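# Inside the fold
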Amino acid sequence: MRIETKLAQIGTKKARTTGSINFPIYLATAYEHIGGVSTGYDYARSSNPTRHILEESIAMLEKGDAGFACSSGMAAIQTIMGLFSQGDHLIVSMDLYGGTYRLFEQVLNRYGIQFSYVDLRDIKAVEEAIQPQTKALFIETPTNPLMHVTDLQAITRLSKQYQLWTIVDNTFMTPYLLNPLELGANIVIHSATKYLGGHNDVLAGLIVTKGDELSERVRFLQQSIGATLSPMDSYLLMRGMKTLALRMERHQANAQGLAHFLKEHPLVDEVFFPEFDPNSKRILSEQAKGYGGMLSFRVKEAKLVQPFLEQLQVFTFAESLGGVESLLTYPATQTHADVPADIRQKVGVCDRLLRVSVGVEHIEDLEQDLAQALQRSEEIVYGSESK
Ligand SMILES: *Cc1c(COP(=O)(O)O)cnc(C)c1O
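Where an unreviewed UniProt entry is consulted, the protein chain appears under the name Methionine biosynthesis PLP-dependent protein, with the organism given as Thermoflavimicrobium daqui. The Cofactor (unreviewed entry) field of the UniProt record for the protein chain holds the comment "pyridoxal 5'-phosphate". A UniProt comment under Sequence similarities (unreviewed entry) is attached to the protein chain, and it reads "Belongs to the trans-sulfuration enzymes family."

Take a look at the structure:
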């Protein structure tokens with residue numbers, strides 16, 4: 001079956017005793033051992049029937065061996081980090097999601113795990129960063145917010161050569177556009193709060209592993225740490241995922257339209273969208289099914305940012321992504337506020353940068369909103385000078 005069909009039918013034909021089209025929400029935390037024998041469900045932290053259908057589905061969608069649903073994207077990352085011990089070292093994408101950076105630098109560092117931030121587009125730099133205690137690569141692609149695309153095939157070739165694990169945060173692309181496990185990665189994680197949920201109403205994280213040994217280790221960690229997804233949220237997430245294919249097609253088409261519109265705008269200096277970088281474009285055309293629904297852009301001057309945000313009528317100024325509604329984020333004060341200013345500047349997350357999560361609205365409404373907000377902010381900032 002093709003992915004569109006798999007998505008639409010998540011949980012269908014699974015409730016065999018009732019024929020319920022949607023898989024029900026099982027709230028029980030304890031399960032009877034009927035005749036002294038476990039049904040496979042004993043206690044809800046270890047496994048839950050509703051969560052199980054979600055975990056089975058994401059494993060199938062990502063073409064992995066096992067899936068795990070966690071209480072948030074960060075909980076999924078923290079669970080995976082349980083694979084590592086004091087003294088271990090990981091190589092990580094440079095302009096990482098701010099919350100992941102904070103977990104690595106302010107929590108896991110205290111446990112003696114070290115991280116090096118490398119531009120993963122530069123395979124030679126990655127190889128040079130490998131130390132004897134390096135255990136894994138942690139990759140976001142495209143990166144957040146600069147949309148740098150990593151060549152996963154080249155990276156996993158290197159990882160295998162040095163016997164490192166490759167962990168990919170696939171939140172931006174989703175399994176609809178990219179399957180990192182097929183390209184040689186060992187673990188995929190998702191903030192399912194974003195595109196997979198798709199409606200800004202469920203906080204969730206997912207993990208998919210390849211290989212039985214790794215799957216068993218992560219199963220042990222999920223059960224031991226206990227940052228699992230509730231049955232209610234498991235249900236909500238599956239409901240969202242059923243329309244992922246439709247939503248991603250519209251997100252992508254709208255993002256591409258807006259990227260081209262912004263590129264021509266005189267108040268915009270630079271647009272970060274994978275299509276505009278020849279290398280990213282080549283990699284995604286070989287390894288993925290499109291450019292995704294995210295883009296960033298730099299306005300000419302930082303003083304345009306505040307009036308621009310205040311003039312927006314269709315876009316909402318908010319700190320998330322991947323939902324049906326278009327959101328605009330100011331990384332310097334929102335998603336990347338915990339990244340020190342000098343590091344932010346160094347990696348290009350400057351005070352003129354805005355990030356757009358392009359929703360599924362009509363493209364002309366989105367374009368007109370950006371156009372009017374840019375024009376009004378120009379009048380507010382330069383109005384008196386130009387007259
Ligand atoms: C949001 C996000 C996370 C964290 O996920 P939560 O569900 O908010 O805990 C991790 N990685 C990326 C790329 C994200 O966008």
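From this point, the narrative continues.
## Examining the confidence of the model for the protein chain
Per-residue confidence for the protein chain averages 96 on the pLDDT scale, and 99% of its residues sit at or above 70. Within the protein chain, the element-level pLDDT minimum falls on helix α13 (residues 341-347), averaging 82, and the maximum on strand β7 (residues 205-209), averaging 99.

## Observations regarding the pairing of strand β1 (residues 66-70)
By the criterion of burial, β1 is predominantly enclosed, with five of the five residues buried. The alternating pattern of β1 places A66, F68 and C70 and G67 and A69 on opposite faces, both of which are buried.

## Some remarks on the sheet that holds strand β5 (residues 165-169)
Strands sit in the order β1-β7-β6-β5-β4-β2-β3 across an open sheet of seven strands; the sheet is mixed. Edge positions in the sheet fall to β1 and β3 (114-118), since each has one partner strand and no second. Geometrically, the sheet is characterised by an average inter-axis angle of 20 degrees between neighbouring strands, direction not taken into account. Relative to β7, strand β6 (residues 187-191) runs antiparallel, the two being bridged by five bridges. By the bridge assignment for β7, V188 is matched with V208. Sheet contacts for helix α2 (residues 49-61): β1, β6 and β7; angle to β1, the most-contacted strand, approximately 130 degrees.

## Overview of helix α8 (residues 212-225)
Compared with an ideal rise of 1.5 Å per residue, which puts 14 residues at 20 Å, α8 spans 20 Å between its outermost C-alpha atoms and is within 8% of the ideal. For α8, the set of buried residues is L214, S215, V218, L221 and Q222. Each buried residue of α8 sits inside an arc of 125 degrees when the element is viewed along its axis, so together they form one side. What points out from α8, more than 90 degrees from its buried face, is the exposed set D212, E213 and F220. Each element contacted by the buried residues of α8 is listed here: α2, β1, α3 (73-81), β5, β6 and β7.

## Overview of the packing of aromatic side chains
Enumeration according to the criterion identifies nine aromatic pairs in this entry. On the basis of an interplanar angle of 65 degrees and a centroid distance of 6.0 Å, the ring pair of F273 and F276 is categorised as edge-to-face. Taking the centre distance of 6.1 Å and the plane angle of 90 degrees together, the rings of F297 and F308 count as edge-to-face. Taken together, the residues span a long stretch of sequence, with F297 in strand β9 (residues 294-299) and F308 in helix α12 (residues 305-311) at a distance of eleven residues. Here the two residues F297 and F308 agree in accessibility, since each one is buried. A network of ring pairs unites the aromatic residues F104, F115 and F138 as a single cluster. Here K263 stacks its cationic end above the ring of F276, 4.7 Å away from the centre of that ring. Directly above the ring of Y176 sits K289, whose terminal nitrogen or CZ lies 3.9 Å from the centroid.

Thresholds applied
- Residues numbered from 1 in each chain as written.
- Predicted model: local features only at pLDDT ≥ 70, side-chain atom pairs only at ≥ 80, totals over all residues.
- Heavy atoms only, no water.
- UniProt positions renumbered as here; feature names shortened; annotations may be inferred.
- pLDDT = per-residue confidence, 0-100.
- Helix = DSSP H or I, 4+ residues; strand = E, 2+ residues; numbered from the N terminus.
- Buried < 20%, exposed > 50% of the residue type's maximum accessible area, 1.4 Å probe, protein only.
- Pairing = 2+ DSSP bridges.
- Axes fitted to C-alpha atoms, helices over the stretch in contact; angles between N-to-C directions.
- Contact = heavy atoms within 4.5 Å.
- Expected span 1.5 Å × (residues − 1).
- Arc of directions from axis to C-beta.
- Phe/Tyr/Trp six-rings, centres within 6.5 Å; stacked < 30°, edge-to-face > 60°.
- Lys NZ or Arg CZ within 6 Å of the ring centre and 35° of its normal.

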